[in-house]
Structures are given as structure tokens and as C-alpha cells.
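Descriptive structure summary
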Amino acid sequence: QVQLVESGGGLAQPGGSLRLSCAASGRIASIAAMGWYRQAPGKERELVASILRNGDTNYGDAVKGRFSISRDNAENTVYLQMNSLKFEDTAPYYCNADIVYWRTSGPLLRNDFWGQGTQVTVSS
């Protein structure tokens, strides 16, 4: 099966930076899209950024101009560089990937996978 492993969360001051990473592992054939979502307490889960295999990116309005997403297709890894952090960025961040993978038996299967979440806290 497929697993997403996230890292890089932590504590930062306003105006500071953090870099998140998410690596997919398993019997992977291809990854169509990877991205990051966050869900602050009392709020709905929202898109932070996403990236297609061809490099096309999409950003949530709240982070546009401050965050940058990238991916290493050879390593099945996506990164999120977060700059100019604000208090409002505080939330658990979840990695997401649209993956085509090999079944234990049978043909290829395509599914959405989620990481366990990594906490980002911005505080003075």
C-alpha cells in the first residue's frame, strides 16, 4: 500500500519561515497531483497549495505570494516553503496525493491518500 510521511512542522515567530516535506512510499506507479491542506480549529479544511506532475501550481488566496510548493518526481516528494508566516497560518497541515499504485493482486488502482498531519504554530 501507499504511505505519506510528513515532516518540518513546528513553532515559528511571525514573519518567520518553515519548510514542510511529504514523501510518498509504496508500490507507486505515478502521482498525478500532490498538495497541502490545513484545518484550523473551528474551521473547514482549506487548500494551501497543490502541484501537478507537470509543475502547474495552485495556491489558496490566504497564502499566495508567501508560500511556494514544489515537488521532486523522482523521489515522490512534495515540499511547502512557508515564508512571512502569520498568526493565522497556525493549523495542522495535511499532505495529500493522487496516486496510481499497484495492488497486492490485480491491476493498477488510483486513490487519494492523506498524511497524518504536522502542526504549524506561529506565535510571538
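We now turn to the structure provided with this report. A quick note: this is a predicted structure, and the numbers were derived from the prediction, not measured. (Residues numbered from 1 in each chain as written. Predicted model: local features only at pLDDT ≥ 70, side-chain atom pairs only at ≥ 80, totals over all residues. Heavy atoms only, no water.)

As a further point, take the overall build of the chain. Helix and strand counts for the chain stand at zero helices and eleven strands. For the chain, the N- to C-terminal ordering of α and β elements is β-β-β-β-β-β-β-β-β-β-β. Taking 2.2 N^0.38 as the reference for a compact globule, 124 residues should give roughly 14 Å; the C-alpha atoms of the chain span a radius of gyration of 15 Å, in line with that estimate. Taken along the three principal axes of its C-alpha coordinates, the chain extends 50 × 25 × 20 Å. The buried share of the chain, reckoned over its 124 residues, is 41%. Here the analysis covers contacts within the chain between residues at least 6 apart in sequence; of these, 57% occur between residues at least 24 apart. Of the roughly 6,500 Å² that the chain leaves accessible, carbon and sulfur atoms contribute 47%. (Helix = DSSP H or I, 4+ residues; strand = E, 2+ residues; numbered from the N terminus. Rg over C-alpha atoms; globule rule 2.2 N^0.38 Å. Buried < 20%, exposed > 50% of the residue type's maximum accessible area, 1.4 Å probe, protein only. Contact = heavy atoms within 4.5 Å. Areas by Shrake-Rupley, 256 points an atom, 1.4 Å probe, with all protein chains shown as cover.)

Further remarks concern the nonpolar core. Counting residues in hydrophobic clusters, the biggest one holds 32 residues, and the most contacted among them are Trp36, Leu80, Met82, Tyr93 and Ile99. Apart from residues lying up to four places away in sequence, isoleucine 99 is in contact with Val2, Leu4, Ala24, Ile28, Ser30, Ile31, Leu109, Arg110, Asn111 and Phe113. (Core = buried A, V, L, I, M, F, W, Y, C linked by side-chain atoms within 4.5 Å.)

This part takes up unusual backbone geometry. With phi around 55°, asparagine 76 is a residue other than glycine that occupies positive phi space. Along the chain, the position of asparagine 76 falls in the loop between β7 (67-72) and β8 (77-82). Backbone geometry at serine 84 places phi at a positive 50°, although glycine is not the residue there.

Here we come to the pairing of strand β11 (residues 118-122). Of the two faces of β11, the one holding Thr118, Val120 and Val122 is buried and the one holding Gln119 and Thr121 is not buried anywhere. Across three bridges, strand β9 (residues 91-102) lies against β11 in antiparallel orientation. Bridge assignment links tyrosine 93 to a residue of β11, and that residue is threonine 118. (Pairing = 2+ DSSP bridges.)

Turning our eyes to something else, we now look at the sheet that holds β7. Strand pairing in a sheet takes place through backbone hydrogen bonds and is either antiparallel or parallel in direction. With respect to topology, four strands assemble into an open sheet ordered β1-β3-β8-β7, the strand pairing being antiparallel. Sheet topology places β1 (3-7) and β7 at the edges, where each strand pairs with a single neighbour. For this sheet the average axis-to-axis angle between neighbouring strands, irrespective of direction, equals 15°. Sheet topology note: the β7/β8 ladder contains six bridges and is antiparallel. Note that in β8 the partner of serine 70 across the bridge is tyrosine 79. (Axes fitted to C-alpha atoms, helices over the stretch in contact; angles between N-to-C directions.)

Considering all chains together, one arrives at five salt bridges under this definition. The shortest N-O distance in the salt bridge between glutamate 46 and arginine 38 comes to 2.8 Å. Residue classification places arginine 38 among the buried residues on the basis of a relative accessible area of 5%. We note a salt bridge from arginine 110 to aspartate 98, for which the minimum N-O separation is 2.7 Å. (Salt bridge = Lys/Arg side-chain N within 4 Å of Asp/Glu carboxyl O.)

This part covers the packing of aromatic side chains. Tallied over the entire structure, the rule returns two aromatic pairs. Aromatic side chains tyrosine 101 and phenylalanine 113 sit 5.4 Å apart centroid to centroid with 75° between the ring planes, which places their arrangement in the edge-to-face category. Within this pair, whereas tyrosine 101 is found in strand β9, its partner phenylalanine 113 is found in strand β10 (residues 108-114), the two being separated by twelve residues in sequence. In this pair, the class of tyrosine 101 matches that of phenylalanine 113, namely buried. The cationic tip of arginine 45 hangs over the ring face of tyrosine 94; the distance from NZ or CZ to the ring centre is 4.3 Å. (Phe/Tyr/Trp six-rings, centres within 6.5 Å; stacked < 30°, edge-to-face > 60°. Lys NZ or Arg CZ within 6 Å of the ring centre and 35° of its normal.)

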